[in-house]
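# Descriptive structure summary
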Amino acid sequence: MNVVIAESDVLTPYGDGIDALWNGLLSRRTAIRSSTRFAERGFVSDQIAMIPSMEVRPGESRVMAMMRRLLAPLAEKLDPQTPLILATTVGEIESIEQAVLGDAPALIAHANPQVLLKKIKALLGLRGRAWVASSACASSALALAQAASIVRRGEADAVLVVACDAISEFVYSGFSTLASLDPAPARPFAADRCGLSLGETAAWALVAPASSLRATKNSTAILGWASTTDAIHMTAPDRNATGLKRAIHRACAMATIDPGRIDFIAAHGTATIYSDAMELTAFRAAIAKPIPIFSIKGGIGHTLGAAGLAQIIVAGRAIARQIVPPAVGCARPDENAAGWVHDKSISLKADSIGLSTNS
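For clarity, every value in this text was computed on a predicted model and none was experimentally measured. Throughout this description, residue numbers start from 1 for each chain and increase along the sequence as written. It should be noted that, the model being predicted, local features are given only for residues of pLDDT at least 70 and side-chain atom pairs only at 80 or more, the latter also being counted only at that level, while totals for whole chains, interfaces and linings use all residues. Remark: hydrogens and water are excluded; side-chain values derive from all non-hydrogen atoms of the structure.

## Some words on the pattern of salt bridges
Should a side-chain nitrogen of Lys or Arg be within 4 Å of a carboxyl oxygen of Asp or Glu, the pair is scored as a salt bridge. The tally for this structure, following the rule as stated, stands at 15 salt bridges. With a shortest N-O distance of 2.5 Å, Arg214 and Glu7 are connected by a salt bridge. Taken as a pair, Arg214 in the loop between strand E9 (201-209) and strand E10 (220-222) and Glu7 in strand E1 (residues 3-12) lie far apart in primary sequence, 207 residues in all. Each residue is placed in one exposure class: buried if its accessible area under a 1.4 Å probe, protein chains only, is under 20% of its type's maximum, exposed if it is over 50%, and partly exposed if it falls in between. On the basis of relative accessibility, which here comes to 30%, the residue Arg214 falls in the partly exposed class. You can call Glu7 partly exposed: its relative accessible area is 27%. Sharing partners across several salt bridges, the network here consists of Glu55, Glu60 and Arg68. Put simply, DSSP H or I for four residues or longer makes a helix, DSSP E for two residues or longer makes a strand, and each gets a number counted from the N terminus.

## Overview of the packing of aromatic side chains
Note on aromatic contacts: the rings of Phe and Tyr and the six-membered ring of Trp form a pair at centre separations within 6.5 Å, being stacked when their planes are under 30 degrees apart, edge-to-face when over 60 apart, and tilted otherwise. Evaluation of the coordinates by the stated rule reveals four aromatic pairs. Between the aromatic rings of Phe38 and Phe43, the centroid separation amounts to 6.1 Å while the plane-to-plane angle is 70°, which identifies the pairing as edge-to-face. We classify Phe38 as buried; its relative accessible area is 8%. Assessed through its relative accessible area of 21%, Phe43 is described here as partly exposed. Between Phe264 and Phe294 the ring centres are 6.3 Å apart and the planes differ by 20°, which places this aromatic pair in the stacked class. One end of the pair, Phe264, is in strand E11 (residues 264-266); the other, Phe294, is in strand E12 (residues 293-294), and 30 residues separate them in sequence. Look at Phe264 and you get buried, because its relative accessible area is 0%.

## Description of helix H3 (residues 94-101)
Burial in H3 covers these residues: Glu94, Ser95, Glu97 and Ala99. Residue contacts are counted whenever heavy atoms from the two residues lie within 4.5 Å of one another. Check the buried side of H3 and you find it contacts helix H2 (62-71) and helix H6 (169-177). Of the residues trailing H3, Asp103 is marked for its positive phi of about 50°.

## A few points about the sheet that holds strand E4 (residues 47-49)
One key point about sheets: their strands pair by backbone hydrogen bonds, in either a parallel or an antiparallel sense. Strand order in the open sheet formed by three strands is E3-E4-E8, with mixed pairing between adjacent strands. Of all strands in the sheet, those bounded by a partner on one side alone are strand E3 (33-34) and strand E8 (198-199). By this definition, two strands are paired if DSSP reports at least two bridges between them.

## Quick notes on the environment of Ile18
Secondary-structure assignment places Ile18 in helix H1 (residues 17-26). According to the relative accessible area criterion, Ile18 is buried, its value standing at 16%. Residues Ile18 and Val314, spaced 296 residues apart in sequence, show a C-alpha to C-alpha distance of 7.6 Å. Filtering out sequence-adjacent residues up to four positions away, Ile18 remains in contact with Asp9, Val10, Ile313, Val314 and Arg317.

In structure tokens form, the structure reads like this:
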């Protein structure tokens, strides 16, 4: 059974909707800004990509406010038995911050992603199966693969994937301690890259059969997927890209295409030195000729568990519009990225095939 992303929507630091995200990327304008949010903490960077004009109600987490804003138009419009997969890295982690700083240990239980899952089910009026997919920065890409597998096996008429992560002081301090943050906006695949910028995003995608009434000419076909691991280091990637190379070949095998048939790549592109180098090693090994690569993280920062779904939605728009967006922030590509990564839009042929990777 052929599977598609029949419908989707996204909320990013560029604003509401895919049009805001798409136009922001095409403009080569970053949404990463200097912020005073954590100024008193003395972190190594003050660069953050935040959702504009956020209304957070008293007692509400920032991520739930994002969910309410994004999902309100979808409420009560799905079959109540539609399975739901929530992809998140940290969920409502602010509850832990409030518990510690406010000496209210009972709040710790609210940080469990299962609590957020129940809130989203209630918001959408869903009563079917629901679970959390939390695998760090690959969370929503893996959730989408799970959804596609379920639909492909005929176990559900459709599966809803929801992805979200907000910027919290806890997470920001962790990346600062790792010295992973760039004092300037992130520059994926650039020769002078030196770290990532954190951002926040929420997104959803309804995965359904290509024959579904919800599928349209603008739906994005999901041809194949794969997940591997290299188990090399707690934070550093395998410099030989062993796991990613395996994943690319397995996904292509499932899709019954040769890697040389891929027309463009939506890369993880964190802008850290070793992660970008690892991806380039994998791409150059799997695909003989240079093809356009882009990363959305120079525009909206690293959005953790939501990163994969957001870039896949952009990849779908790229196929529909026959344009690969620029790698925002990469004015001078790394020597290994020359001919692959561009700071301008690149035209695509009709019916192009894209590869999306997360690590």
